[in-house]
Amino acid sequence: MEKLIITVAPTGAQTTRKHTPYVPLSPKEIADSVYEAWQAGASIAHIHVRDENGDNTLNLDTYIDVVNRIQDKCDIIINLTTAGGVDMNDEDRLRVCELAPEMATFDAGTMNFGSSVFYNTPNFLERLAIKLKEHHVKPEIEIFDVGMIENTMRIIKKGLIEPPFHFQFVLGIHGGMPATPKNLMFLAESIPSGSTWSAIGASKDQLTINTMSILLGGHVRVGMEDSVYYRRGELAKTNAQFVERIVDLSKTLGREIATPNEARQILGLDPLRKIKTLNNVTGVVK
């Protein structure tokens, strides 16, 4: 098996201080948490940002602040969310691509998301794919249900997403596919040959899906976006705790951990892109 890519999702759109006092919210807190996770073995950082009130935002200056703080410290791959939450403006979502991160999310369809509706219309998805391609950003194709694979294939057939493809299976969200081993195996068998994939198990299902992903040859995402508990009744104090547990588990199962540059090679990313990204973002700040 190829080495394991660990993504850390330190903040997310749903987790608040009511859920846990430890979730990082400010640019400094997010960047410090990502750096700790990188030290523990993470090679990708999936970034959401918040405003001064702790609310979701797609403000480019806030993204820039977080990205610069991270890239001043380490070479982790930056993966920015283009969602930000379930109620963000399409134009604001598209503008995230202009920061030219190495990766950004492509949420591949509309769905019920808890008590809300997460809109990703066919027209928006096509516009997002065009914008990502224009700025040479690799899409992380987020799949919450199997129909989203078909949505993605339609975009691929138009030449708007190019191989190698990388899928992120998000299981256990209310409104999406349940987080079961059977569903994970079905999704892994349903994507184009030669694709890479990673998986998320929301809340209590995080470790189960992480373990299955390691065994099946996929990759994993962990962090307070997906679960705030390290074990039943015990809040995680850092995102690095989740990463450390996966590193230990993967080594026990005989699978080595990928560094950021090894992850770039696995995903087909330009190894120099991290430098270009820093220069682009710094340029925007000036």
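Before reading further, recall that the structure is shown in the block above.
Residues numbered from 1 in each chain as written. Predicted model: local features only at pLDDT ≥ 70, side-chain atom pairs only at ≥ 80, totals over all residues. Heavy atoms only, no water.

Teacher, can you tell me more about unusual backbone geometry here?
Residues apart from glycine generally show negative phi values, whereas peptide bonds are mostly found in trans. With an omega of 0°, the peptide bond running from P163 to P164 counts as cis. For P164, the location among the structural elements is in the loop between α5 (147-157) and β10 (166-171). Even without being a glycine, A100 presents a positive backbone phi close to 55°. Here A100 lies in the loop between α3 (90-95) and β6 (103-107). (Helix = DSSP H or I, 4+ residues; strand = E, 2+ residues; numbered from the N terminus.)

What should I look at first to understand the side chain of R93 in this one?
Here R93 shows up in helix α3. The side chain of R93 sits in the buried core without any salt bridge; D107 is the nearest counter-charge, 4.0 Å away. Engagement of the side chain of R93 in a polar contact is seen with the backbone oxygen of T82, the distance being 2.7 Å. Filtering out sequence-adjacent residues up to four positions away, R93 remains in contact with L58, T82, A83, M88, D107, F118, Y119, N120 and F124. (Buried < 20%, exposed > 50% of the residue type's maximum accessible area, 1.4 Å probe, protein only. Lys, Arg positive; Asp, Glu negative; His and termini not counted. Salt bridge = Lys/Arg side-chain N within 4 Å of Asp/Glu carboxyl O. Polar contact = N/O pair within 3.5 Å; in protein donor to acceptor, adjacent residues only side chain to side chain. Contact = heavy atoms within 4.5 Å.)

Any chance you could explain the pattern of salt bridges here in plain terms?
Where charged atoms of side chains with opposite charge meet at close range, the side chains can pair. Considering all chains together, one arrives at 18 salt bridges under this definition. Of the charged contacts, one joins E29 and R17 as a salt bridge, the two residues approaching to 3.1 Å between their closest N and O atoms. Of this pair, E29 sits in helix α1 (residues 27-40) while R17 sits in the loop between β1 (6-8) and α1, and the two are twelve residues apart along the sequence. Classification of E29 by relative accessible area gives partly exposed; the value is 36%. On the basis of relative accessibility, which here comes to 39%, the residue R17 falls in the partly exposed class.

Looking at this structure, how should I read the packing of α1 against helix α2 (residues 60-71)?
What describes two packed helices is the angle between their axes and the distance between those same axes. Direction vectors running N to C along α1 and α2 enclose 35°, while the axes themselves pass 9 Å from each other. As α1 packs across α2, the resulting crossing turns out to be right-handed. Note on element contacts: α2 touches α1 through T62, D65, V66, R69 and I70, opposite P27, K28, I30, A31 and V34. Among the residues making up the contact of α1 with α2, the classes are represented as six nonpolar, one polar and three charged. (Axes fitted to C-alpha atoms, helices over the stretch in contact; angles between N-to-C directions. Left-handed = near helix turned anticlockwise from the far one by under 90°. Nonpolar A, V, L, I, M, F, W, Y, C, P; charged D, E, K, R; others polar.)

Before we go on, may I ask you to explain the pairing of strand β12 (residues 219-222) in this structure?
Each regular strand shows side chains that alternate between the opposite faces of the sheet. Burial of the side chains of β12 extends over both faces: H219 and R221 are buried on one face and V220 and V222 on the other. Bridging between strand β11 (residues 196-201) and β12 involves two bridges; their strand directions are parallel. By the bridge assignment for β12, A199 is matched with V220. Since β11 and β12 lie parallel, the crossover through helix α7 (residues 206-216) that links them has a hand, and here it is right-handed. (Pairing = 2+ DSSP bridges. Right-handed = clockwise from strand over helix to strand, strands pointing away.)

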